[in-house]
Amino acid sequence: MAVPSLLRLLIPLTVSPSRSQFFEGEPVTLICEDENRSVRRNTTGETRTECEDWGEPAGSSCEVSHITPFDTGVYWCESRSGSSSSSSSSSSSSSSSSSIQLSVSGGSVILQSPVLPVMEGDDVTLSCRARNPTHNLPAAFYKDGSFIGDGSSGHMTLLHVSSSDEGLYKCNIRGHGESPSSRISVKVSGSAPPAGRLPLLLLSVLVPAGSVLVLLVVLGRRCVQRKLRVAEKDFVTYSEVGIRAEPLDRLRTGSGSDTVYTEVRTGSGRVGPRGTISC
């Protein structure tokens, strides 16, 4: 009952009430957050059937007033035309958050667990619930078929979950029976930071980058100013130049006086090759 890879979408699907297991006869509502999508499902006897075949469509939602074990299967959101709007390359990278596994028990015990993947580091509470009586009873919990602990009031909390906590969970209430198994998936926190933390992440990157940029500008200006000061000292300055014109006949005989430089001042700075000055 898995969803074909080319049809799995990243359009969020939510379930009300928010759990993956239900008693036979309970009402369930599935909601696509994109109004242009509708709910489809795969069960043991059906493939890619639309809501109108097994529920009551209401916009992008699908209501099932009386769920049965035949409704156990995988549910997801798909375009109303029946074709995926995403390319095969993006579809192949879809995660398990694009589809939801629902289980309907004809028995007297269900396990209440998160229907969507949980964030790494979060605490997850499992609840074992009997149809009658409705109050909480002591229960035993199992992961991948192995016993992991008891809950005196029918609850067990997994602290700071990680990828090692992923698996199939179920519970048993003595004298009432065992629940179906439900998978718990853990999403790595770094793969998709919450929208509320995104501005903080941007600030943590932009502030250091801005500081480095300002520092580079200040150092650059100091370097240029130093070059200018050194260059002013290293150039020869002719402060006074006296030129006296001689009569034409004296110039012909070569007896005229030479040009006189009354003052020549040079700096003591060092000039690099071809006049370049290093900071």
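Since the model is a prediction, treat every value here as computed from it, not as a measurement.

Looking at the side chain of Ser 61
Logical step 1: Inspection of the secondary structure assignment puts Ser 61 in strand S7 (residues 61–64).
Logical step 2: The contact partners of Ser 61, leaving out residues within four places of it in the chain, are Leu 30, Ile 31, Cys 51 and Glu 56.

Let's talk about the sheet that holds strand S15 (residues 155–158)
Logical step 1: In spatial order, the strands read S10-S12-S15; together these 3 strands make up an open sheet with antiparallel pairing. Strands at the two margins of the open sheet, each flanked by one partner only, are strand S10 (109–112) and S15. Sheet twist, expressed as the mean angle between neighbouring strand axes with direction ignored, is 15°.
Logical step 2: The pairing of S10 with strand S12 (residues 124–130) spans 4 bridges and is classified as antiparallel. The residue of S12 that forms the bridge with Val 109 is Ala 130.

Digging into the state of the cysteines
By definition, a disulfide links the sulfur atoms of two cysteine residues through a covalent bond.
Logical step 1: Within this structure, the stated rule accounts for 3 disulfides.
Logical step 2: In this model, Cys 32 is linked to Cys 77 through a disulfide, with the two sulfur atoms separated by 2.1 Å. Between Cys 32 and Cys 77 the disulfide shows an S-S torsion of about -110°. By sign, it is left-handed. Residue Cys 32 is found in strand S3 (residues 28–32), and its partner Cys 77 is found in strand S8 (residues 73–79); the two are separated by 45 residues along the sequence. Summarising the burial analysis for this pair, Cys 32 and Cys 77 share the class buried.
Logical step 3: Across a sulfur-sulfur distance of 2.1 Å, Cys 128 and Cys 171 are joined as a disulfide pair. Every disulfide takes its handedness from the sign of the S-S torsion; for Cys 128 and Cys 171 that torsion is 80°, giving right-handed. In this pair, Cys 128 is assigned in strand S12 and Cys 171 in strand S16 (residues 167–173), connecting sequence segments 43 residues apart.
Logical step 4: Since its relative accessible area comes to 0%, Cys 171 is described here as buried.

Quick look at the confidence of the model for the protein
Regions with low pLDDT carry predicted coordinates that are not meant to be interpreted in detail.
Logical step 1: In this model, the protein carries an average pLDDT of 77, and 66% of its residues clear a pLDDT of 70 or more.
Logical step 2: When mean pLDDT is taken per element in the protein, strand S13 (residues 139–143) scores highest with 98 and helix H1 (residues 88–91) scores lowest with 36.
Logical step 3: Low pLDDT (under 50) marks residues 193–197, which in the prediction has 1 contact with non-local residues, meaning those over four places away or in another chain.
Logical step 4: Confidence drops under a pLDDT of 50 for residues 268–272, and excluding neighbours within four residues, the segment shows 7 contacts in the predicted structure.

Side note on unusual backbone geometry
Logical step 1: A cis amide bond links Ser 16 with the next residue in sequence, Pro 17, at an omega value of 0°.
Logical step 2: Here Pro 17 is to be found in the loop between strand S1 (13–16) and strand S2 (21–23).
Logical step 3: Cis geometry is adopted by the peptide bond preceding Pro 133, which originates at Asn 132 and carries an omega value of -5°.
Logical step 4: Topologically, Pro 133 is positioned in the loop between S12 and S13.
Logical step 5: Here Arg 48, not a glycine, exhibits a phi torsion of approximately 55°, which is positive.

Reading the values: the criteria
Residues numbered from 1 in each chain as written. Predicted model: local features only at pLDDT ≥ 70, side-chain atom pairs only at ≥ 80, totals over all residues. Heavy atoms only, no water. Helix = DSSP H or I, 4+ residues; strand = E, 2+ residues; numbered from the N terminus. Contact = heavy atoms within 4.5 Å. Pairing = 2+ DSSP bridges. Axes fitted to C-alpha atoms, helices over the stretch in contact; angles between N-to-C directions. Disulfide = S-S within 2.5 Å. Buried < 20%, exposed > 50% of the residue type's maximum accessible area, 1.4 Å probe, protein only. pLDDT = per-residue confidence, 0-100.

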